[in-house]
Amino acid sequence: VQLVESGGGLVQPGGSLRLSCAASGFTFSSYVMSWYRQAPGKERELVAGFISNGGTTTYADSVKGRFTISRDNAKNTVYLQMNSLKPEDTAVYYCKGVRPPLEVWGQGTLVTVSS
């Protein structure tokens with residue numbers, strides 16, 4: 001049972017990145033997926049997520065209109081498209097999958113927004 005994030009890196013303010021989270025070892029389509037982030041010295045927070053497997057999504061106010069979560073069940077992958085990035089988006093980004101009572105976390109990928 002594994003989630004592996006990729007796509008992080010250094011980007012200038014105003015730039016874009018797309019994070020990917022590849023799942024293996026479990027039935028990905030039955031899990032509700034979300035993205036979290038944790039900035040230095042701060043608590044982990046929800047960035048974007050599916051409320052259910054029906055496709056309804058939710059976003060943190062700080063990223064609404066800039067970030068988009070999507071999933072491809074055929075590829076067992078969830079994505080986070082991040083546009084108009086700001087220095088305050090700098091954090092380690094984690095994906096999470098939930099199918100109660102089970103919960104799976106990835107190891108995280110670092111996003112640094114800096115000029």
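The rules behind these values
Residues numbered from 1 in each chain as written. Predicted model: local features only at pLDDT ≥ 70, side-chain atom pairs only at ≥ 80, totals over all residues. Heavy atoms only, no water. Buried < 20%, exposed > 50% of the residue type's maximum accessible area, 1.4 Å probe, protein only. Helix = DSSP H or I, 4+ residues; strand = E, 2+ residues; numbered from the N terminus. Pairing = 2+ DSSP bridges. Axes fitted to C-alpha atoms, helices over the stretch in contact; angles between N-to-C directions. Contact = heavy atoms within 4.5 Å. Core = buried A, V, L, I, M, F, W, Y, C linked by side-chain atoms within 4.5 Å. Disulfide = S-S within 2.5 Å.

Asker: Which parts of the structure should I look at to understand the pairing of strand β11 (residues 109-113)?
Answerer: In regular strands, side chains alternate between the two faces of the sheet. Only one face of β11 is covered, namely the one carrying Thr109, Val111 and Val113; the face carrying Leu110 and Thr112 has none of its residues buried. Summarising the sheet, strand β9 (residues 91-99) and β11 pair through 3 bridges and their orientation is antiparallel. Bridge pairing in β11 links alanine 91 to valine 111.

Asker: How do you make sense of the sheet that holds strand β8 (residues 77-82) when you look at a structure like this?
Answerer: Two orientations exist for strands paired in a sheet by backbone hydrogen bonds: parallel and antiparallel. Spatial ordering of the open sheet is given by β1-β3-β8-β7, a layout of 4 strands whose pairing is antiparallel. With partners counted over all chains shown, the strands left at the sheet margins are β1 (2-6) and β7 (67-72), one partner each. Pairwise comparison of adjacent strand axes, ignoring direction, gives a mean angle of 15 degrees for this sheet. Two elements, strand β3 (residues 17-24) and β8, share 6 bridges in a ladder whose sense is antiparallel. Pairing of cysteine 21 across the sheet is with valine 78, part of β8.

Asker: I keep staring at the environment of glycine 15 and nothing clicks. Help me out?
Answerer: The residue glycine 15 is located in the loop between β2 (9-11) and β3 in this model. According to the relative accessible area criterion, glycine 15 is buried, its value standing at 18%. If we skip the residues at most four places from it in the chain, glycine 15 touches Met82, Asn83, Ser84 and Leu85.

Asker: In this structure, what is going on with the nonpolar core? I would like to understand it.
Answerer: Most often, soluble globular proteins keep nonpolar side chains buried together rather than apart. In this structure, Trp35, Val78, Leu80, Met82 and Tyr93 are the most contacted members of the largest nonpolar core, which totals 30 residues. Elements represented by at least two residues in this core include exactly β3, β4 (32-38), β5 (45-50), β7, β8, β9 and β11. The element best represented in this core is β3, accounting for 4 residues. If we skip the residues at most four places from it in the chain, tyrosine 93 touches Glu5, Leu19, Trp35, Tyr36, Arg37, Val47, Phe67, Leu80, Met82, Gly108, Thr109 and Val111.

Asker: Is there a simple way to think about the state of the cysteines in this case?
Answerer: Every disulfide links exactly two cysteines, by a covalent bond between their sulfur atoms. In total, this model carries 1 disulfide according to the counting rule given. Between the sulfur atoms of cysteine 21 and its disulfide mate cysteine 95 the distance is 1.9 Å. Since a negative S-S torsion denotes a left-handed disulfide, the cysteine 21-cysteine 95 link at about 50 degrees is right-handed. Separated by 74 residues along the polypeptide, cysteine 21 in strand β3 and cysteine 95 in strand β9 bring together distant segments of the chain.

Functional significance is not addressed by these values, which are geometric in nature.
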